[in-house]
Amino acid sequence: MSEAKRQQLIGKAEQTHRLTEAELAALLADDGADDAMAEAADRVRRAYVGDEVHLRGLIEFSSYCRQNCLYCGLRRDNGNVQRYRLTQEEIVALAEKAKAAGYPTVVMQSGEDAWFTAERLAEIVRDVKRLGLTVTLSVGERTTDEYRILREAGADRFLLRIETTDRKIYERLDPGMSYENRLRCLSDLKRLSYEVGTGCLIGLPGQTTEMLARDILFFQSIDADMVGIGPLVPNGDTPLGNEPPGDMRLVRRMVSAIRLLLPEANIPATTAMETLQPGARELMLRSGANVMMPNVTEGEARQKYALYPGKACVADTPDHCRACMEGRIRAMGRTVGQGAGGRRRSKISIL
Ligand code: 5AD
Ligand code: SF4
Ligand code: FES
């Protein structure tokens, strides 16, 4: 792309927060656009969500999963992963530690584990809410009623990545799952007034920049409150074990493009990014991101929750990561978020 065209598209995105699919795809395909996109996204990030970096304590409470996603180490056919399930007491104890560490929000994440019925999860949510924490769930697809029960128990937010908006790739990589049901889940969550997070994987076989452009327009169309993305990290225990890893420069352009088009969204610098490229979390925080999700899971569970190999920080302790992240945030001239760090809505409607 010519320098003039690049500047024109980035300028349009920064001013209007709108691009067509073709414009977005052209920027995402443009290897020379990384820095200029990141600089524009960093300005938009500062203007809309400020310099705070919000920390969410991540509790990985069960590695059982009934699904069989081709990329994921927790897929049910993977016999090489150790399964564990924390007890209600253990989960609440981790939430207490998260609170003591100063994290206002916990993200309770698991595979799709049917043992945790909505009723069982609701009890845990009620316990954690009593601690005064904001609760984000990331437990996969559930029925409308289950989402309602969990919302009524006090869950505030829900993360469910669409993974890809290309229906064919979705249904090939997530066998037995339907794209329609994924959309139904996201629309239920919105209707139940959760803050909703979604996102995609980058580097899936067959995925194009046009598809990634459509992913971003989809995030915009559902008014996503949070958008978490990451590169595919090939896992040798899965059918995608021999795929190349996701392109980190493309991941960075995606982070920047998401900030340009969803200026108010909470966008994490994710562990998968750091796993492929040490230092990537800071790079992404300078390229549009404003959230990090330090893992507060302790002991053996921390190793066993193996979506992909080489996960950053598995060998570290929660306390170590807490101090490490705070230091890195300060060193960047940013501040650790105070308060729940929910979706902001600007007074001026931009969309
Ligand atoms: N590489 C990167 N991300 C992965 N996830 C699952 N497996 C992998 C992998 N091999 C992501 C999915 C899921 C999130 C919890 O982890 O996008 O939504
Ligand atoms: Fe299960 Fe989620 Fe992994 Fe799919 S991505 S196998 S649903 S844990
Ligand atoms: Fe885990 Fe730095 S954040 S060691």
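Nothing here was measured: the structure is a model prediction, and the numbers come from that model. (Residues numbered from 1 in each chain as written. Chains lettered and ligands numbered in written order. Predicted model: local features only at pLDDT ≥ 70, side-chain atom pairs only at ≥ 80, totals over all residues. Heavy atoms only, no water.)

**Quick look at the site of ligand 2**
Around ligand 2, a shell composed of Cys65, Gln67, Cys69, Tyr71, Cys72, Leu74, Arg75 and Gly111 is seen. For the shell around ligand 2, the per-class residue count stands at five nonpolar, two polar and one charged. (Near = heavy atom within 4 Å. Nonpolar A, V, L, I, M, F, W, Y, C, P; charged D, E, K, R; others polar.)

**Details of the packing of helix H1 (residues 3–16) against helix H3 (residues 34–49)**
The geometry of H1 relative to H3 is characterised by a closest axis approach of 10 Å and an angle of 15 degrees between their N-to-C directions. With respect to their mutual orientation, H1 and H3 come out roughly parallel. The interaxial crossing formed by H1 with H3 has right-handed handedness. The segment H1 lies against H3, with Gln7, Ile10 and Glu14 engaging Ala36, Met37, Ala40, Arg43 and Val44. The class makeup of the residues in the contact of H1 with H3 is five nonpolar, one polar and two charged. (Axes fitted to C-alpha atoms, helices over the stretch in contact; angles between N-to-C directions. Helix = DSSP H or I, 4+ residues; strand = E, 2+ residues; numbered from the N terminus. Parallel < 35°, antiparallel > 145°, perpendicular 65-115°, else oblique. Left-handed = near helix turned anticlockwise from the far one by under 90°. Contact = heavy atoms within 4.5 Å.)

**Description of the site of ligand 1**
Around ligand 1, the structure places Tyr71, Cys72, Gln109, Arg161, Glu163, Leu201, Pro231, Leu232, Val233, Leu307 and Tyr308. Within the backbone of Tyr71, a nitrogen or oxygen atom sits 2.9 Å from a nitrogen atom of ligand 1. Val233 has a polar backbone atom sitting 2.8 Å from a nitrogen atom of ligand 1. Within the complex, 87% of the 410 Å² of free accessible area of ligand 1 lies under protein. Considering only residue class, the shell around ligand 1 consists of eight nonpolar, one polar and two charged. (Polar contact = N/O pair within 3.5 Å; in protein donor to acceptor, adjacent residues only side chain to side chain. Areas by Shrake-Rupley, 256 points an atom, 1.4 Å probe, with all protein chains shown as cover.)

**Focus on H1**
Taking 1.5 Å of rise per residue, the 14 residues of H1 would be expected to cover 20 Å, and the 20 Å separating its terminal C-alpha atoms lies within 8% of that figure. Buried within H1 are the following residues: Arg6, Leu9, Ile10, Ala13 and Glu14. With its buried residues spanning 130 degrees around the axis, H1 presents them on a single face. H1 presents Ala4 and Gln15 as exposed residues on the side facing more than 90 degrees away from its buried surface. Those residues of H1 that are buried lie in contact with helix H2 (21–29), H3 and helix H10 (248–261). (Expected span 1.5 Å × (residues − 1). Buried < 20%, exposed > 50% of the residue type's maximum accessible area, 1.4 Å probe, protein only. Arc of directions from axis to C-beta.)

**Brief notes about the environment of Thr275**
With respect to the helices and strands, the residue Thr275 is situated in helix H11 (residues 271–276). Setting aside its immediate chain neighbours within four residues, Thr275 contacts Val233, Tyr308, Pro309, Gly310, Lys311 and Ala312.

**Things to note about the environment of Gln207**
Tracing the backbone through its elements, the reader meets Gln207 in the loop between strand S6 (201–202) and helix H9 (209–221). Apart from the residues lying within four places of it in its own chain, the contact partners of Gln207 are Thr164, Ile169, Leu201, Ile202, Leu212 and Asp215. A distance of 2.8 Å separates a polar atom in the side chain of Gln207 from the backbone nitrogen of Gly203.

Remember that the coordinates give geometry; whether it matters functionally is a separate question.
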